[in-house]
Amino acid sequence: MELSARRLALDTLERVAKGAYADVALHQVLQRYALHGSDRTLVTELVYGTIRQQRTLDTLIQGFCRQLPPLPVQLVLRLGLYQLRYLDRIPAHAAVHSSVELVKQIGLEGFAKLVNGVLRRYSRCTTDPLEAFIAHLPLVSQLGCRYSFPDELIASWLERLPLQECTALCQWFNQPPRLDLRLNPLRITADQLIADFETAGYGLQPIPPLPQGLVLSHCGQSMQELPGYAAGHWSVQDRAAQWVSHLLDPQPGEVVIDACAAPGGKTTHIAELMEDQGRVIACDRSPHRLRKLAQNRDRLGLKSIEIHILDSAAAGDFAAVGDRVLLDAPCSGTGTLHRHADARWRPLKRRLGELLPLQAQLLATVSQWVKPYGLLVYATCSLEPAENEAQIQQFLAHHPQWHIEPPPPNFPLKAAPEGWITVWPQQQDMDGFFMVRLRRDS
Ligand SMILES: C[S@@+](CC[C@H](N)C(=O)[O-])C[C@H]1O[C@@H](n2cnc3c(N)ncnc32)[C@H](O)[C@@H]1O
């Protein structure tokens, strides 16, 4: 059974190598073969782990082989080395044997000796061979190979963090993501939800001082199989993302516009905080993602959310309509690299070239949706200053009728002197985020 799990992991990795998103490719495989329990866990771990550690694994492969083998063999080697290096529960002989069998199974038996040789040499090493392979590289590339990140991300972090912090950030992003839930107070109490999970064999702990936040101790199941999902008792949302809606602080009866709303994590939180009273206008340009928002809204039983398919960068539809507006902008996602195993490999500079003008245009347009003296919250799950601090400075320079309103003094996330909040994962043990409140003066 374990061998077939590895074969499915290999098939998924091949699809990702051809350009598929890792989560989409994995989801399709898990669905098609109806995998459950330990097989599901193993395939997920092998796929995400191998993609995440790709640069480290390739550095090892290059160190052991004179030239890189063809891609399918390289993928088998990555999988084998991943098991040897990162998975304590798989004995070395099993990792080597199953990799040799795997390369035979895909019709490349001519490479069985190479796979056997590389994995055996690695498993016999008494010290980590990686350090010798990277010793001659500059510091940025050494860190990139050791923690498996592209040089451009490491270089960007080193501009703002001391070496020790940068290392801690890399290590934090290489941990499997934790699962935070947000309970729906309109449907259930925290005590009841914790009791329901306990009955089903799961530990659920509150996350003080976050009012609706709960952390799940472990999860081998898909979300839908956990207690109370279909009944709308909770949503999945990281604690950092939950703080964004608290910074917005929507009140019952208000008009609140979520300009980039899908799939609705924050929209539904906003409606819950408003006790489902008032008007929550959820806009997004992606009909597919908005369908997910509609499903979440209906599952959670929220009536105050209306959905609009539109380009929020262009639309003037809601001039001075919102008491509060949230712009949870499309961004590089460099604060959530642990959640999307392949995200770190998307070229940052090229992505910023597309995102920065879009974010600026979105800010310019949706700021007009705020009533005089109303509030706008700008948020990203990025750690890149160009998408965050610089974007806000540029907005304020061109919009003198706006100013930053720092969070209230009792707000648990500490703000910079400028009034914005940057959440560094390695310091605060939550997703990386940027959030800021802007007040319209007139
Ligand atoms: C960071 S995600 C939003 C996540 C969402 N707020 C949540 O908490 O679930 C950014 C969203 O912006 C949307 N988007 C990108 N460009 C847009 C535009 N010009 N107009 C409206 N939505 C846009 C994307 O489709 C995506 O759903």
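Keep in mind the model is a prediction, meaning the values are calculated, not measured.

S.K.: Give a description of helix α10 (residues 151–160) that names residues and reports values.
M.R.: Buried residues of α10: Leu153, Ile154, Ser156 and Trp157, and no others. The buried residues of α10 occupy one face: seen down the axis, they fall within an arc of 160°.

S.K.: How would you sum up the pairing of strand β8 (residues 322–328)? Please name residues and give values.
M.R.: Summarising burial for β8: six of the seven residues are buried, a large majority. Direction of pairing for β8 relative to strand β9 (residues 370–380): parallel, over a ladder of six bridges. For leucine 327, the partnering residue across the bridge sits in β9 and is tyrosine 378. In this view, the connection linking β8 to its parallel neighbour β9 by way of helix α16 (residues 348–366) has right-handed handedness.

S.K.: Kindly report on the environment of serine 99, identifying the contributing residues and their values.
M.R.: When you line up the elements, serine 99 lands in helix α6 (residues 92–105). You can call serine 99 buried: it has 27 C-beta atoms within 10 Å. Remark: the alpha-carbon pair of serine 99 and valine 76, spanning 23 residues in sequence, is separated by 6.2 Å.

S.K.: Account for the site of the ligand, naming residues and giving values.
M.R.: Close contacts around the ligand come from 17 residues, with Cys260, Gly265, Ser286, Ser312 and Asp328 the closest. Residue composition of the shell around the ligand, by class: seven nonpolar, four polar and six charged.

S.K.: Could you give an account of the UniProt feature "active site" (unreviewed entry) in the protein chain, with specific residues and numbers?
M.R.: As annotated in UniProt, the feature "active site" (unreviewed entry) corresponds to Cys381 in the numbering used here. Considering the arrangement of structural elements, one finds cysteine 381 in the loop between β9 and α17 (389–398). Judged by the 25 C-beta atoms lying within 10 Å of it, cysteine 381 falls in the buried class. Other than its neighbours up to four places away in sequence, cysteine 381 contacts Cys331, Gly333, Gly335, Thr336, Asp431, Gly432 and Phe433.

S.K.: Quick one: what's the story with the packing of helix α2 (residues 22–32) against helix α3 (residues 37–52), residue by residue and with numbers?
M.R.: Put simply, α2 and α3 touch, their axes get as near as 11 Å, and they point 160° apart. As the angle between them shows, α2 and α3 are arranged roughly antiparallel. Seen along the crossing, α2 lies across α3 with a hand that is right-handed. Residues Ala22, Leu26, Val29 and Leu30 of α2 touch α3, and the partners they reach there are Arg40, Val43, Thr44, Val47, Tyr48 and Ile51. Partitioned by chemical class, the residues of the contact of α2 with α3 number eight nonpolar, one polar and one charged.

S.K.: Talk me through the domain arrangement of the protein chain; I want residue IDs and the actual numbers.
M.R.: What the domain assignment reports for the protein chain is domain 1 (2–136), domain 2 (179–236) and domain 3 (241–440). Spacing between the C-alpha centres of domain 1 and domain 2 amounts to 34 Å.

Conventions we followed
- Residues numbered from 1 in each chain as written.
- Predicted model: local features only at pLDDT ≥ 70, side-chain atom pairs only at ≥ 80, totals over all residues.
- Buried ≥ 20, exposed ≤ 12 C-beta atoms within 10 Å, placed from the backbone.
- Helix = DSSP H or I, 4+ residues; strand = E, 2+ residues; numbered from the N terminus.
- Arc of directions from axis to C-beta.
- Pairing = 2+ DSSP bridges.
- Right-handed = clockwise from strand over helix to strand, strands pointing away.
- Near = placed C-beta within 6 Å.
- Nonpolar A, V, L, I, M, F, W, Y, C, P; charged D, E, K, R; others polar.
- UniProt positions renumbered as here; feature names shortened; annotations may be inferred.
- Contact = placed C-beta atoms within 7 Å.
- Axes fitted to C-alpha atoms, helices over the stretch in contact; angles between N-to-C directions.
- Parallel < 35°, antiparallel > 145°, perpendicular 65-115°, else oblique.
- Left-handed = near helix turned anticlockwise from the far one by under 90°.
- Domains from an automatic or database assignment.

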